[in-house]
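Fold and contact review
Letter by letter, the chains look like this.
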Amino acid sequence: MTEYFQEGKLAPWACHPEQSRGRRVPEEQPVGRTEFQRDRDRVIHCNAFRRLEYKTQVFVNHEGDRYRTRLTHTLEVSQIARGICRMLGLNVDLAEAISLAHDLGHTPFGHSGQATMNDLMSEFGGFEHNRQSLRIVDWLEDRYMAFRGLNLTFETREGIAKHRTTYDAPESADVYTFCATNGPSLEAQVANLADEIAYNNHDIDDAINAGIITLDDICQEPLFARQHERVVALWPNAPLRKQLYETNRRLINYLITDLVQHSLEKLRSAEIRAAEQVREMPEDLIGFSPETRRESVQLKRFLFKRVYRYWRVERMGAKADKMLREMFAAFVEKPALLPPQYQEMMPGDTPRERARVVADYLSGMTDRYAIVEYKKLFDPEERV
Ligand code: MG
């Protein structure tokens, strides 16, 4: 337990809502909630947030109801980020707003969907889900009278733009001049690492439940094996299903504790006295201890090789690739096939302008919407 947790106070290095750099369109101060709480509420009320429910994390949505979707992944990230922030005296609401928005820009069909979109958009500036998340909250969501987008605070937008993990392209950090000159807030750094803690753990759980790997397989990984050994020592006759759950919860707890301890040491030795000072630091201050970092990287490599490259995951990826490519080509060739509201979004008729709007439409689709739309476009028997 840290002093910040016990006293429920913000540390000097936290982002304070009163010191926010504000919104692009100035608004009156919210009543009964802070600026960052308002950001969080706007994210939860947007269309893109609800679509996360039917977007693939790793396992395609229709393969089973118990696997993580982008929505449940997002909720896990947010929960972990809030816990870490409470321990470090950071702004819980800001980390929550960033976490809830961090995957809004994800395509249907998981990472393979993003790889396809990036390839299709390579001539037109590429496609990257962090940038797309920002495009959603800044422009694509269109529901308020006074502004386009959600008009979020600088700090939340910065956290979305600077979200990065090993698998995500880091380029988004420098494409935005609005936050290009300095490092992300500690709350944004926490959201990044909460993402990593969440997916490492839930992908183990989902992969074992899907029969892709076994408990023995994952026990090759020291990070997991150490926690598992303790569980077996305490409950030698427990069923595997419960061993897995107990090990995962201990592993999440271990990673959070390691991260909090190591980050506190770094914050203290860097003598951080204000949030602005954090932005001038040459490197992130939130992080695991070197040993845990090494083991976490190793675990990610294992998951990459054994889970994300598993033949059934690859097979779904190939199907997704085919559907997205064919729809992209059809819409760019003939924008008249697009729903009218997307046709209206095209500022002009250059290939670049067409492609960007088609990318907005395709990436906004849920898995099931994309499958239905594909059939409507190409299956003569299907109603259009
Ligand atoms: Mg994520």
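Numbering of residues starts from 1 in each chain and follows the order in which that chain's sequence is written. In keeping with the predicted nature of the model, local features appear solely for residues at pLDDT of at least 70, side-chain atom pairs appear and are counted solely at 80 or more, and the whole-chain, interface and lining totals rest on all residues. Values reported for side chains reflect all heavy atoms of the structure, with hydrogen atoms and water molecules removed beforehand.

**Here's the deal with the side chain of Q37**
- Helical segments are the DSSP runs of H or I of at least four residues, strand segments are the runs of E of at least two, and each set is numbered from the N terminus. With respect to the helices and strands, the residue Q37 is situated in helix α2 (residues 35-44).
- Any N or O atom pair separated by 3.5 Å or less is treated as a polar contact, with the protein-specific requirement of one donor-capable and one acceptor-capable atom, and with residues adjacent in sequence counted only for side-chain atom pairs. A distance of 3.1 Å separates polar atoms of two side chains, one belonging to Q37 and the other to D93.

**Looking at the domain arrangement of the protein chain**
- Examined at the domain level, the protein chain breaks down into domain 1 (3-212 + 247-309) and domain 2 (312-378).
- Put simply, the middle of domain 1 and the middle of domain 2, counted by C-alpha atoms, are 27 Å apart.
- Roughly 2,800 Å² of surface becomes buried between domain 1 and domain 2 when both sides are summed, with 61% attributable to carbon and sulfur atoms.
- The term salt bridge refers to a pairing of a side-chain nitrogen on Lys or Arg with a carboxyl oxygen on Asp or Glu at a separation within 4 Å. On inspection of domain 1 and its partner domain 2, the count reaches three salt bridges.
- Taking the shortest distance from any N to any O, the salt bridge between R135 and D360 comes out at 2.5 Å. Where each domain starts and ends comes from a domain assignment, either automatic or drawn from a database. Once two parts are brought into contact, the accessible area they lose, counted with a 1.4 Å probe and summed over both, makes up the buried area.

**Thoughts on the environment of I80**
- Assignment of secondary structure puts I80 in helix α4 (residues 70-88).
- For the exposure calls, accessible area comes from a 1.4 Å probe over protein chains only, and a residue counts as buried if that area is under 20% of its type's maximum, exposed if over 50%, partly exposed in between. A residue is classified by how much of its surface remains accessible, and I80, at 9% relative accessible area, is buried.
- With 15 residues separating them in the primary sequence, I80 and A95 have C-alpha atoms 9.8 Å apart.
- The residues contacting I80, other than those within four sequence positions of it, are A194, I197, A198, I252 and I256. We call two residues in contact whenever any of their non-hydrogen atoms come within 4.5 Å of each other.

**Observations regarding the side chain of D217**
- Secondary-structure assignment places D217 in helix α11 (residues 215-218).
- Leaving out residues up to four positions away in the same chain, D217 has contacts with F302 and R306.

**Notes on the coordination of the magnesium ion**
- Shown as donors are all N, O and S atoms within 2.8 Å of a metal ion, widened to 3.2 Å for Na, K and Ca; because water is not in the atom set, sites may appear incomplete. H73 (NE2), H102 (NE2), D103 (OD) and D195 (OD) make up the full set of protein donors to the magnesium ion, lying at 2.2 to 2.6 Å.
- Taken in chain order, the donor set of the magnesium ion reads H-x28-H-D-x91-D. A residue pair is termed long-range when its members are at least 10 positions apart, and H73 in helix α4 and D103 in the loop between α5 (92-101) and α6 (110-120) qualify at 30 residues.
- Of the residues examined, H73 reaches a relative accessible area of 0% and is grouped as buried.
- D103 gets classed as buried once you look at its relative accessible area, which sits at 3%.

**Let's talk about the nonpolar core**
- To qualify as a nonpolar core, a set must consist of buried Ala, Val, Leu, Ile, Met, Phe, Trp, Tyr and Cys residues joined through side-chain atoms within 4.5 Å. Core analysis: the biggest nonpolar cluster contains 54 residues, and W13, I84, L90, I212, I218 and V307 have the highest contact counts within it.
- Those elements giving two or more residues to this core turn out to be α4, α5, α10 (186-209), α11, α12 (222-234), α13 (240-269) and α15 (290-308).
- Broken down by element, the residue count for this core peaks at 10 residues, all from α10.
- If near-sequence neighbours (up to four positions away) are discounted, I218 is found in contact with I204, I208, I213, F224, L299 and F302.

**Considering the state of the cysteines**
- The disulfide criterion used throughout: a pair of cysteine sulfur atoms within 2.5 Å. As enumerated under the stated definition, the model contains zero disulfides in all.
- Just so you know, C15 is unpaired, no disulfide at all, and the nearest cysteine sulfur is the one on C85, 9.6 Å from it.
- Its relative accessible area of 5% is what places C15 among the buried residues.

**Looking at the pattern of salt bridges**
- Counted by the stated rule, this structure contains 36 salt bridges.
- Between R268 and E3 there is a salt bridge whose closest N-O contact spans 3.2 Å. Pair noted here: R268 is in helix α13 and E3 is in helix α1 (residues 3-7), with a separation of 265 residues, a long-range link.
- Residue class for R268 comes out partly exposed when judged on its relative accessible area of 43%.
- According to the relative accessible area criterion, E3 is partly exposed, its value standing at 40%.
- Linking R309 and E314 is a salt bridge whose minimum nitrogen-to-oxygen distance equals 3.2 Å.
- Given a relative accessible area of 44%, R309 falls into the partly exposed group.
- Ionic contacts of the salt-bridge type, sharing partners, join the residues R33, R40, D41, R82, D93 and E96 into one network.

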